Amino acid sequence: MAETLNILSEEKEGILYLTVNRESKLNALNFATLEEIRNIFNEVVDNKEIKGVIITGSGEKAFIAGADISEIAELNELNARKFAENGQEVFGLIENCHKPVIAVVNGFALGGGCELAMACHIRVAVANAKFGQPEVNLGIIPGYGGTQRLTYLIGRGKANELMMTGDMIGAEEAKKLGLVNHVLATKDESMAKAEEILKKIMTKAPLAIGMIVDCVNSVYISEENGYQTEANSFARCVKSGDYKEGTSAFLEKRKPIFKGE
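The model shown is predicted, which means the values in this text are computed figures rather than measured ones.

## Here's the deal with the pattern of salt bridges
One pass over the full model with this rule turns up 10 salt bridges. The salt bridge involving Glu161 is made with Lys158; its shortest N-O contact spans 3.4 Å. One end of the pair is Glu161 and the other is Lys158, both in helix 6 (residues 156–165) and 3 residues apart, which spans about a single turn. Under the relative-accessibility criterion, Glu161 is labelled partly exposed at 38%. Judged by its relative accessible area of 22%, Lys158 falls in the partly exposed class. Measuring nitrogen to oxygen at the nearest pair gives 2.7 Å for the salt bridge that ties Glu245 to Arg254. Looking at Glu245, the relative accessible area reads 17%, which means it is buried.

Shown next as structure tokens:
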């Protein structure tokens, strides 16, 4: 990984651990941190050693408590659109990554932090986690994809309520709503759960995992026929060596050895 100032990174046994490291700012996302995330995920795509990613925040108080308000306060009508589009592009890299990305949400996941967590494929929360899109308190709305992903994940009515009131919800309610996959008591337990999930996924066919990402994301693209995307992706899988290995291993009653080819 390229050198970063705001994100700690460590690769271990095929898993890339990313920690947003601005604890004194509750890990708020500033421009520089977003660019570091962009650069990291551009590298992840081509790095064959990395099989999956876990994203978390430093400390115990916050995953990411939002965007950097001091930077938001300087926006004007001309650059605000670019501000939103830039964040959407970065989070799109996470959402469309063909390698599984899990958010371990410790503490506050507000504004841009909630939006980043929603861009990940799976979310594991510590019991003290709080989720929310409180942008209306600043006279604005979510700009990094929050209006779209929150609605897809929890439904129109509840998404409207949370975004219009700016209210926060706890980890257990987030799980009931479908915003969170798992809730664990501590950060260590949450990290262990994320590792457990990733290690299981890493035993499966990498090309098929990437195709699942594409097909699931196509559900939310109005101009795309998701069923056709599924059929095309299925055909691409059948062309692969992983398909031949998977079916052969099943018939031979052995564990498959997938190569992502």
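## Points about the pairing of strand 7 (residues 122–126)
Counted residue by residue, strand 7 has 5 buried out of 5 residues, so it is predominantly covered. Side-chain alternation along strand 7 places Ile122, Val124 and Val126 on one buried face and Arg123 and Ala125 on a second face that is also buried. In the sheet, strand 5 (residues 101–105) pairs with strand 7 via 4 bridges, with the strands oriented parallel. When the bridges of strand 7 are listed, Ile102 appears paired with Ile122. Where strand 7 lies against strand 10 (residues 182–184), 3 bridges are found, and the strand directions are parallel. Note on strand 10: the bridge partner recorded for Val126 is Leu184.

## Comments concerning the environment of Leu75
Along the chain, the position of Leu75 falls in the loop between helix 2 (69–72) and helix 3 (77–95). Setting aside residues no more than four positions away along its own chain, Leu75 makes contact with Ala80 and Phe83.

## Points about unusual backbone geometry
Peptide bonds are trans in most cases, and residues, glycine excluded, mostly fall at negative phi. A positive phi angle, near 55°, is found at Leu26, a position not held by glycine. Tracing the backbone shows Leu26 in the loop between strand 2 (15–20) and helix 1 (31–46). One non-glycine residue, Asn27, adopts positive backbone phi at about 60°.

About the thresholds
Residues numbered from 1 in each chain as written. Predicted model: local features only at pLDDT ≥ 70, side-chain atom pairs only at ≥ 80, totals over all residues. Heavy atoms only, no water. Salt bridge = Lys/Arg side-chain N within 4 Å of Asp/Glu carboxyl O. Helix = DSSP H or I, 4+ residues; strand = E, 2+ residues; numbered from the N terminus. Buried < 20%, exposed > 50% of the residue type's maximum accessible area, 1.4 Å probe, protein only. Pairing = 2+ DSSP bridges. Contact = heavy atoms within 4.5 Å.

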